[in-house]
Amino acid sequence: MSIKRMLVPSMVILTFVLQLMTPVVARADDGTPPPDPTEVAPVVVEEVPTVPEILDQAPEGTEIVVLNSDGSTEPLATQAAAEAIVTSDPIWCPAVQTTPTPGTNGCTIAHSDFTSLLADSTISGPGTVYIENGSYAGPETSIQFDGSTLTTWGALTLDGGWDLTLLSPDYATQIGTSTFTVPIFVTNWGTDVTLNDINIDLTSYTPDSYGLRVVTTGDNIISNAITVNNVNVTGAGYDGAYLDNCVMVPNPDPDIAGWVCNGTSDVLITNSTFDLNGGTGLYVDGAGLVSLNMVGADGNATGADLNSDGSILVANPPGFTFNGNDYNGLYAGTSSGDVILNNVTASDNQYGAIVGTDAGNIMVSGGTFNSNNTPDPELDGYGIGLQAGTGIGYVNLSFVTATGNDIGATVGSEQGDVNVAVSTFSDNSYAGLAAGTMQGTVTLTDVVANNTLGDLGQNIGAIVGNMDGSITIMGSIFNGNTEKGLYIESTGVATDPDVTLLGVTAIGNGLKGAYITYVAPCGTTAGGVNVSVNSGDYETNGGYGIYAAIGPDGTLTRVTAPLLGDNGGATGLSIYDIVVDNSVSPCSPPEEPKSEPEPKPYHVVEVPETGGEPVEQNCTDYIGTVLVLPGEDRATLNCPATGSFNLLALLGEALPGVIPQGTEFVSAFHFTLMDGDQQVTLLTNGGSLGLAFKLPEDATPNDHYAILYWDPTDSNGTGGWVELPKYTERLDGVPLVYALHPDADPSDGMRIFSGTRTLGDYVKATVNFTGVFVLIKK
């Protein structure tokens, strides 16, 4: 069974450093929750007569007095009297009524809380719930709009911040926001949902929960729109906001396997923040356009995770950022639409912004992607400021800044062009910019990639490559990098010239200013790269100014002489300034075939739910041990990890903590590893632990799943659930590795080698630590 769609643009770009990059954008395998068990059952309440109705029945001459909270009388004309008379909320009105008028114009009476409002049998059709300005203090532990029970309701708007204190409906005014200290759920909703002017602060709320959850797939037929404006969610123990309007159906194109969203309804979010939540700040699974305008998500596990079958647009002015998150700042993946980022800031994460599309274009205009690093690049791979990959579209970057990362930016397309203009990728640790394409052109204009320093290896300003197209670099600067300023790979399959360097500056680099190499298939004895050098400056490099290893038929033409000299330790002009190497394409001679030893098998052991006797790892005869529970959940300890271990199935009531509110328990197990009489948490001697949870028999493509880990060090040592991030790849096809505790000392060593994804009938992940793991349905 295929659960949720996976976006996999198979793109090959560079053979050096990024090793034939293959961008993969993976959809999350998460899903719709059941009705929350804490939902309050509907109760029947009597309609309360309005004040005018009471006055009509009062005897003539009746005197009316108003008592305030301390029992004293208030003059009827005062604001205090009005507040004493009308203190209730909320009020539902039909959609045609633009202001609340309690008890008239089709509106309900002013209810004392949401429990009584949800039990109001007079509500029918589309409408708006008007909520009083200020802090809501109702009795509910969660507010739940469940479309499977509220069957007479239609399109829903929750509108906060109203002044309902004055008697006359004519004076009802929207003046601010309404603040909730309990979560809000809108689930199984079969029509559009809109939320305006609402704050949700769960800082003091237990248990862990979503802050806001909206799912408009109640009819399981077609998507419905979700609109969020001026909504702020903070302090949720789990995801801040979870918005899903994607109804999965088989792809109508019989030639294309997989699933697509039925419908094209949008998810529109404006002027909202999702900060300091325990899970993802903002998660969206959209059918149509997913648009964020003035939206921020700081200090979460993941900032924003945006998925769509349409296009994704993120546009932010200053003040709205995706900074300081544990894993990714911003993830945006779409199957067919474009991804557009305008003035996005994603800094101080492990990975800043990761964006991709199968069949659309990527446009990044403005934006800052600084100081995104992994704690230990040798163990984790490199932190990336911006990664952008597409299958058949183009990638355009302009006015982008990516500094202080391990790698500033990696961008590529399989079949389209890559253009980078007026952007800075300086002061990174491994590479400033890596850009490439298979069948398109690469153009860099006014790019700066200086001062790639550090001890991570190549330390190159910019890496550029293509397989079947031209490379043009104009007015760009690559100075002061530890090794090479500019590294170019080309197959020479393009209209000549294959490589154009126009007004390029590459001075003061540790080795070569510019290095150009021919990357024809191994064994090729003819062909080459034709290079045009027009002006520029290639001085004072530690090795060569320009080194062109361009194959037997390659040429280098100086259209206008560049500035040269003082390269390779020489003074003035020297043989180190420009070297043209026409030797046969670099390729090692074919090796004699070697007989490979028979691969070792896995040791598969079926264990009872109670775990049974401990199993000893045998790395002499096997490459690892697979423990299989009766329900087919399994854990694989891969060599060279050693010790004796056990796998114990856990029921929901046996877990060390309550799973987040709004999620559904599926299964769990506890993997323990012993080294002698010492329990092992971290696989310090290498190896890894593969987690594989069997999908329920009733799983559908609309379900979303996640794996939680019980982290004993969370919450100042009291423990808490951590959701493993979803599986995502770098552009070279290598999975992103995440430090479980990114702010800890690198020697902490706890790593997620492969995030959560659904493969076949299993939800899988790979880690290097032991403990309690749970499969949940989101």
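Anyway, here's the lowdown on the structure attached to this text.

Basis of the calculations
- Residues numbered from 1 in each chain as written.
- Predicted model: local features only at pLDDT ≥ 70, side-chain atom pairs only at ≥ 80, totals over all residues.
- Heavy atoms only, no water.
- Helix = DSSP H or I, 4+ residues; strand = E, 2+ residues; numbered from the N terminus.
- Contact = heavy atoms within 4.5 Å.
- Buried < 20%, exposed > 50% of the residue type's maximum accessible area, 1.4 Å probe, protein only.
- Pairing = 2+ DSSP bridges.
- Salt bridge = Lys/Arg side-chain N within 4 Å of Asp/Glu carboxyl O.
- Polar contact = N/O pair within 3.5 Å; in protein donor to acceptor, adjacent residues only side chain to side chain.

1. Here's the deal with the overall build of the protein chain
Inference 1: Within the protein chain, the regular secondary structure consists of 5 helices and 58 strands.
Inference 2: Long-range contacts, defined here as pairs at least 24 residues apart, represent 67% of the contacts in the protein chain between residues at least 6 apart.

2. A short note on the pairing of strand 16 (residues 241–244)
Inference 1: Alternating residues of strand 16 divide into A241 and L243 and Y242 and D244, and every residue in both groups is buried.
Inference 2: Looking at chain direction, strand 16 and strand 20 (residues 280–286) are connected through 4 bridges and run parallel. In the sheet register, Y242 faces strand 20, and the bridge partner there is Y283.

3. Some thoughts on the sheet that holds strand 57 (residues 762–767)
Inference 1: Taken in spatial order, the 7 strands line up as 45-47-48-52-57-56-55 in an open sheet, and their pairing is mixed. Pairing within the sheet leaves two strands with one partner each, and these edge strands are strand 45 (602–606) and strand 55 (738–739).
Inference 2: Of the pairings in the sheet, the one linking strand 52 (residues 688–694) to strand 57 comprises 6 bridges and is antiparallel in character. When the sheet's bridge partners are listed, A692 is paired in strand 57 with K764.

4. Describing unusual backbone geometry
Inference 1: Here T206 and P207 are connected by a cis peptide whose omega angle stands at 5°.
Inference 2: With an omega dihedral of 15°, the bond running from C639 to P640 counts as a cis peptide bond.
Inference 3: Among the secondary structure elements, P640 is positioned in the loop between strand 48 (634–638) and strand 49 (644–650).
Inference 4: Within the chain, D348 stands out as a residue other than glycine whose phi angle is a positive 60°.
Inference 5: Given the relative accessible area of 48%, D348 is considered partly exposed.
Inference 6: Positioned with a positive phi, S371 is a non-glycine residue whose angle comes to about 55°.

5. Details of the pattern of salt bridges
Inference 1: Tallied over the entire structure, the rule returns 7 salt bridges.
Inference 2: Of the charged contacts in the structure, one is a salt bridge between D703 and K777, with a shortest N-O distance of 3.7 Å. With D703 in the loop between strand 52 and strand 53 (705–711) and K777 in strand 58 (residues 771–777), the pair connects residues that are 74 residues apart, well separated along the chain.
Inference 3: The partner of R730 in a salt bridge is D732, and the shortest N-O contact between them spans 2.2 Å.
Inference 4: Overall, the relative accessible area of 17% leaves R730 in the buried class.
Inference 5: One salt-bridge network, in which partners are shared between bridges, spans D239, E723 and K778.

6. Some details on the side chain of N361
Inference 1: Relative to the elements of secondary structure, N361 occurs in the loop between strand 26 (351–357) and strand 27 (362–365).
Inference 2: Assessed through its relative accessible area of 18%, N361 is described here as buried.
Inference 3: Here Y394 takes part through its backbone nitrogen, which lies 2.9 Å from a polar atom of the side chain of N361.
Inference 4: Ignoring anything within four residues of it in the chain, the contact list for N361 reads G337, D338, V339, G393 and Y394.

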